[in-house]
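# Per-entry structural report
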Amino acid sequence: MKLLFILGTRPDAIKLAPVIQEARKHKKIKIYICLTGQHRHMLDQVVNFFGIRPDFDLNLMEPNQNLFDITSKAILKLGDIIKKVNPDWVIVQGDTTTTFVGALCAFYNKTKIAHVEAGLRTYNKFSPFPEEINRTLTTQLADIHFAPTKKAEKSLLKENIEKKKIFITGNTGIDALFYTLDKIKSIPRNKFAGSLKNIDFSKKILLVTGHRRESFGKPFQEICLGLKQIAREFPNLEIVYPVHLNPNVRKTVFQILSKVNNMHLIEPLNYPSFVWLMKNSYLILTDSGGVQEEAPSIKKPVIVMRNVSERMEGIEEGIAKLIGTKKSDIVNSVSGLLKDSKQYSKMITAKNPYGNGKASPIIIRELLNA
Ligand code: UD1
Ligand code: UDP
């Protein structure tokens, strides 16, 4: 059986890596890996850690690329690769442009499509943008759907996807997380990214990530102004923000936060260093999808800076809070949790709803059975 994995961004790679590792255990499976290179630096960081050796690398990234550029270039190049490999299945993950275009090109070639992390929805076309539509269209194109949770399965059933084509697996991101936690457990602190050296880990750490397109402009300014106020109100707090490489993010972040004392604006971390940092943080403030899933597994409360989330499981469990992007809401929810240890302890007793780290064997088993 020939499987062609198509990946291009940091989260695609983190979440497909354990599926690729699992596929490698089966002699019957011939694996092909195509990187679109939608991200360059942030993808390579992950690919190197998991030892993924690509057969094809389209190297599509350009500085400050827009959605028209990336989509059109990816369609032209991926079409050729799928024709050339002619796999039994194309495997895509999640909701990025690489995901959607990979599925579309497989469909044009009449190749079967497996969608990992299927069924996440906000039902808001523009939030997250363009991911909500990327994943909805990928569902329409896919032949088998690996839903991380029961809620995701329910969304797929509502869209008339046949139950027999849906498998609830847990999120493969949790497989990647457990694999990484195990790998790093005996590694000393000084072996992680150099940019962590200036941080005082005897203090409480607030870890921040933010990159969503629907927040560019005013919402991102509010986020940064909120962070500035938190830094001022809590001078003993260390705030660590690995800043996403999207220039729209960096401009605002560096303009507003570069001179703030207890604020560490650092480059994106390689995955093991980021996992280590999550483990050693007190609280996480993010708009990331993957981080929302990982934090509950390591018992860290997450404050989600978005108006809607497709990952409501963590919010319903009580380990995550959805607070929007208004400065006052950000300041209030962070300071609330820093001051109120009861509220904090209550949040961390919640259980992780995103899987037990064994999603990938289910995916490969079902592909072999399909
Ligand atoms: C993309 C995905 C988003 C995902 C996110 C994960 C789309 C439309 N968006 O958003 O769903 O949540 O990745 O991080 O698929 N850049 C670099 N080096 C890198 C990566 C990015 O310089 O390694 C810069 C480039 O200027 C690039 C820009 O970031 O043009 C934007 O990258 P792009 O892939 O278009 O969107 P993201 O905001 O990263
Ligand atoms: N991550 C990382 N280094 C960082 C920030 C995040 O390795 O500096 C990891 C994080 O653990 C998670 C993934 O990247 O697995 C999330 O990526 P991102 O937030 O860019 O995308 P999203 O999940 O929102 O699509």
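Notes on the structure in this doc start here. (Residues numbered from 1 in each chain as written. Chains lettered and ligands numbered in written order. Predicted model: local features only at pLDDT ≥ 70, side-chain atom pairs only at ≥ 80, totals over all residues. Heavy atoms only, no water.)

### Section: the overall build of the protein
From N to C terminus, the protein includes 15 helices and 13 strands. Scaling as 2.2 N^0.38, a compact globule of 370 residues should have a C-alpha radius of gyration of about 21 Å, and the protein matches this with 20 Å. Principal axes of the C-alpha set define a box for the protein whose edges measure 60 × 45 × 40 Å. Residue pairs in contact within the protein that sit at least 24 positions apart in sequence constitute 68% of those at least 6 positions apart. Counting 55 positive and 35 negative side-chain charges, the protein places the averaged centre of each group 3 Å from the other. (Helix = DSSP H or I, 4+ residues; strand = E, 2+ residues; numbered from the N terminus. Rg over C-alpha atoms; globule rule 2.2 N^0.38 Å. Contact = heavy atoms within 4.5 Å. Lys, Arg positive; Asp, Glu negative; His and termini not counted. Charge placed at Lys NZ, Arg CZ, Asp CG, Glu CD.)

### Let's talk about the pairing of strand β1 (residues 2-7)
Counting buried positions along β1 gives five out of six residues, so the element sits mostly inside the fold. Note: β1 against strand β2 (residues 30-35), six bridges, orientation parallel. Note on β2: the bridge partner recorded for F5 is I33. Handedness of the crossover joining β1 and β2 through helix α1 (residues 10-23): right-handed. (Buried < 20%, exposed > 50% of the residue type's maximum accessible area, 1.4 Å probe, protein only. Pairing = 2+ DSSP bridges. Right-handed = clockwise from strand over helix to strand, strands pointing away.)

### Remarks on the pattern of salt bridges
Taken as a whole and assessed by the stated rule, the structure comprises 26 salt bridges. A salt bridge links E293 to K15; the shortest N-O distance between them is 2.9 Å. With a gap of 278 residues between them, E293 in helix α11 (residues 289-297) and K15 in helix α1 connect regions that are remote in the sequence. Judged by relative accessible area, which is 3%, E293 ranks as buried. For K15, a relative accessible area of 5% corresponds to the buried category. (Salt bridge = Lys/Arg side-chain N within 4 Å of Asp/Glu carboxyl O.)

### What to know about the environment of G37
Note that G37 resides in the loop between β2 and α2 (41-50). Sequence separation between G37 and T286 is 249 residues; the distance between their C-alpha atoms is 24 Å. Look past the residues within four positions of G37 in its chain and what remains in contact with it is L7, G8, L43, D57, N59, L60 and M61.

### Re the site of ligand 2
Near ligand 2 you find 15 residues, and of these R10, L269, S288, G290 and E294 are the closest. Take R10: an N or O atom from its side chain is 2.8 Å from an oxygen atom of ligand 2. At a separation of 2.8 Å, an oxygen atom of ligand 2 approaches a polar backbone atom of G289. Within the complex, the protein chains bury 95% of what would otherwise be the 530 Å² of accessible surface of ligand 2. Of all the secondary-structure elements, those providing two or more residues to the shell around ligand 2 are α1, α10 (271-279) and α11. The element contributing the most residues to the shell around ligand 2 is α11, with four residues. (Near = heavy atom within 4 Å. Polar contact = N/O pair within 3.5 Å; in protein donor to acceptor, adjacent residues only side chain to side chain. Areas by Shrake-Rupley, 256 points an atom, 1.4 Å probe, with all protein chains shown as cover.)

### A short note on empty space enclosed by the protein
Applying the stated criterion to the full structure yields one cavity of 30 Å³ or more. Lining the largest cavity are V116, E117, F146, A147, P148, T169, G170, N171, T172 and I363. The residue makeup of the lining of the largest cavity, split by class, is five nonpolar, four polar and one charged. (1 Å grid on protein atoms, 1.4 Å probe; cavity = no way out; pocket = protein on both sides within 12 Å on 5 of 7 lines; lining within 4 Å. Points joined across faces, edges and corners; volume = space filled by probe spheres on them. Nonpolar A, V, L, I, M, F, W, Y, C, P; charged D, E, K, R; others polar.)

### What about the site of ligand 1?
What surrounds ligand 1 is a group of 24 residues, the closest being H39, N64, Q65, E131 and R213. One of the backbone N or O atoms of N64 is found 2.7 Å from an oxygen atom in ligand 1. Between an oxygen atom of ligand 1 and a side-chain N or O atom of H244, the distance comes to 3.0 Å. Protein burial of ligand 1: of its 750 Å² of free accessible surface, 94% is covered by the chains. Class assignment of the residues belonging to the shell around ligand 1 gives a composition of eight nonpolar, 11 polar and five charged.

### With respect to the nonpolar core
Residues L3, F5, L7, L196, M278 and L367 are the most contacted members of the largest nonpolar core, which totals 56 residues. Among the elements that make up this core, the one with the highest residue count is α1 (seven residues). Discounting chain neighbours no more than four positions away, the residues touching L367 are M1, L3, W89, I91, A114, I144 and F146. Listed in part, the 32 residues of the second largest apolar core include V208, V253, I256 and L257. (Core = buried A, V, L, I, M, F, W, Y, C linked by side-chain atoms within 4.5 Å.)

### Things to note about the layout of surface pockets
As a volume, the second largest pocket reaches approximately 200 Å³. Lining the second largest pocket are 15 residues, and of these R121, Y123, K151, S155 and E310 lie nearest its centre. Here the element with the most residues in the lining of the second largest pocket is helix α6 (residues 150-158); it accounts for five residues. Within the lining of the second largest pocket, the residues separate by chemical class into four nonpolar, five polar and six charged.

### Here's the deal with the pairing of β2
Successive side chains on a regular strand alternate, one facing one side of the sheet and the next facing the other. Here β2 lies mainly inside the structure; five of its six residues are buried. Pairing between β2 and strand β3 (residues 56-57): two bridges, direction parallel. If you follow C34 over to β3, its bridge partner there is F56.

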